[in-house]
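# Per-entry structural report
Take a look at the letters that make up each chain.
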Amino acid sequence: MRDATVSGEGLARAGVNADQGAWRNQRVVFLQRFLKDWTAVVGMTIVALFALVAIAAPVVAPQDPTQVNASAILAPSSSEHWLGADNLGRDILSRLIHGARWSLGTAFVATTLVVVIGITVGLIAGFFGGLVDDILMRIVDVLLAFPSLVLALAIVGMLGPSLRNVMIGMVAVWWVDYARVIRGLTVSLRDREYITSAHCIGCPSHHIIFRHLLPNVIPSVIVLATLELGAMMLAISGLSFLGLGAQPPTPEWGAMLNNGRPFFQSAPQLMIYPGLAITIAVIGFNLVGDSLRDVLDPRMKK
Amino acid sequence: MTRYLIRRLVYLIPIWLGISFVAFSLANLTPGDPARLMLQRDLGRQPTAEEVSSVRDTMHLDDPFILRYVRWLENAVTGDLGTSYRTGEPVLSGLAQRFPSTLQIAGLGLALAIVIALPLGIMAALWRNSAIDHLSRVLALLGASMPSYWVAYLLILLFAVKLNMLPVAGKGGWQHLILPSVTLGLGACASLMRLTRSEMLEVLGQDYIRTSRAKGLASWAVVVRHGLRNALIPVTTVVGMRFAGLLGGAVIVETIFAWPGIGKFVLDSIFDRDYPVIQGFVVFMGTIFLLVNLVVDMSYAWLDPRIRLSR
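Residues numbered from 1 in each chain as written. Chains lettered and ligands numbered in written order. Predicted model: local features only at pLDDT ≥ 70, side-chain atom pairs only at ≥ 80, totals over all residues. Heavy atoms only, no water.

### Section: the side chain of Ser 237 of chain A
Mapped onto the fold, Ser 237 of chain A is located in helix H10 (residues 205-241). For Ser 237 of chain A, the contacting residues outside a window of four places in its chain are Ser 103, Glu 252, Gly 254 and Ile 278 of chain A together with Tyr 149 of chain B. (Helix = DSSP H or I, 4+ residues; strand = E, 2+ residues; numbered from the N terminus. Contact = heavy atoms within 4.5 Å.)

And the structure:
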């Protein structure tokens, strides 16, 4: 869920370090530092591999993920089914490969939506201040007053189970964290001299927001988003596991785990592999996010 | 301290109203006409248009939104959150009855997390880059990356099926508590451990720590009295947030272990489209979350005299 160890203040500082127009020049240094960290390289490799598998799923998968095969029901691993077959004789490896599309894809889309909404609200609240800020932040306060899963669960409950509704529920709940962090960053940048100068030479608000504020906010957002991609994946798969998200025969990993529940003693491969896939993917996201944070925010460094 | 408490309580009122408004608005997300749904459920056939419109009248569904909200709010404040479609019992008592079970595993899970996370986090900070620091890093990464709904089954396979030490599911003696609590506490343990470590590192670098070492204070006293007490302030906040998160996240663990708590109750209600229960759950958990935060704020003030005195 929400990782409370992500410090808005620390990220704000990272953003502040990154402004002053030096961000472009720092890119090289940043890349060097990032690549020196072996955990970052491991994380990137994992993420890249999973992304590749997701994109190339129809080519890589040895079999059709929804092909039912009565002769292979609950088959253990063999040369034909490397990771075994499920209760309908479907090839587990092929389902996992296709599942990468669903699991990574939904997490990616949901996180992107969350980031876009969070940046928009945060920038507007932070830049304009006053009544707009008050109203937006009171909405944020109320939404933050719920444990995130409670509200997402309730929204899905009201809309009815489906993967689309799970994403709606997650996005509706999750943008508030970003809005808060972005607002804080914006407020800290608003009184900078270059923003004042921009005002003085008559730049319109949208120009200041898009040309001067947004580029300085983006690096921090990327860190937050990478750190939370893993959490988002866990949450969406979790709701699918409960039967609220992806519906059969969609090979989403959480839904695959749910499907394997009745057989977890007789045929544990139905649950072991999808869980392993989720774990490795999330480890990848977390490693990349942690390293990005270390590089962008030296204060958090070990 | 009392004044501080009163201030906090007053501040909670608008937030609670916001929570109630969100909960009420949620009901409007439901697809279809609630009156028609209710009639279908009660009659077991398609209701006629007259039946639907008469029920819409008695349910005041055609009134303006705000009016319906105020009417609902009046009831909610007195503890009337409606009745469950499924069981016919009042929603609030249904939730309240099951809440202690959830509290049990969430409380034990959090306690386990703290007992493991604090010492490991402190040791990792004291002996940076030692074996124990690396171990804590790996554990934290695993704890944050493994889905609880997967870990639960691994634990069941190992402790209940292979070793036959603990029951697979259900509610009974203390043995039934262990696996659900451990599963629930795992994620919290990981983040608490990392946070304790980074806060301890930050605090141990302060001047007053050097001063207390220089004046010859025993090293445990430096670490515990001057280091830990200051490091605990942010940790407390996260403990509170985590606790509320555990209560809300218990739905997965309760489903796996057939634990008769509030989460399982809500999940069953979702599949039965028992909307008043879902709505009540939001109000109930929102209120609990506010109270937990209040307790955290109070302990904050107790731990840090600066907060108590400055306001």
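### Some remarks on unusual backbone geometry
For the bond running from Pro 248 of chain A to Pro 249 of chain A, omega is 5°, close enough to zero to count as cis. Mapped onto the fold, Pro 249 of chain A is located in the loop between H10 and helix H11 (253-260). Its identity is not glycine, yet Leu 74 of chain A carries a phi of approximately 55°, on the positive side. Tracing the backbone through its elements, the reader meets Leu 74 of chain A in the loop between helix H4 (57-60) and helix H5 (92-128). Judged by relative accessible area, which is 27%, Leu 74 of chain A ranks as partly exposed. One non-glycine residue, Asn 129 of chain B, adopts positive backbone phi at about 60°. Assignment of secondary structure puts Asn 129 of chain B in the loop between helix H5 (91-126) and helix H6 (131-145). (Buried < 20%, exposed > 50% of the residue type's maximum accessible area, 1.4 Å probe, protein only.)

### Quick notes on H10 of chain A
All names here are of chain A. Here H10 contains 37 residues, and its C-alpha end-to-end distance of 45 Å is more than 12% below the 54 Å for a straight helix at 1.5 Å per residue. Counting buried positions over the 37 residues of H10 gives 28, a clear majority of the element. Backbone geometry just downstream of H10 places Gly 243 in the positive-phi region, at approximately 90°. (Expected span 1.5 Å × (residues − 1).)

### Section: the pattern of salt bridges
For the coordinates displayed, the defined rule picks out 15 salt bridges over all chains. Asp 141 of chain A serves as the salt-bridge partner of Arg 180 of chain A, at 3.6 Å between the closest nitrogen and oxygen. Here the residue Arg 180 of chain A occupies a position in helix H8 (residues 163-190), and Asp 141 of chain A occupies one in helix H6 (residues 130-144), the gap between them amounting to 39 residues. A relative accessible area of 44% means that Arg 180 of chain A is categorised as partly exposed. Linking Asp 62 of chain B and Arg 56 of chain B is a salt bridge whose minimum nitrogen-to-oxygen distance equals 2.9 Å. Take Asp 62 of chain B: its relative accessible area is 52%, and that puts it in the exposed class. Connected via shared salt-bridge partners are Asp 86, Arg 90 and Arg 95 of chain A. (Salt bridge = Lys/Arg side-chain N within 4 Å of Asp/Glu carboxyl O.)

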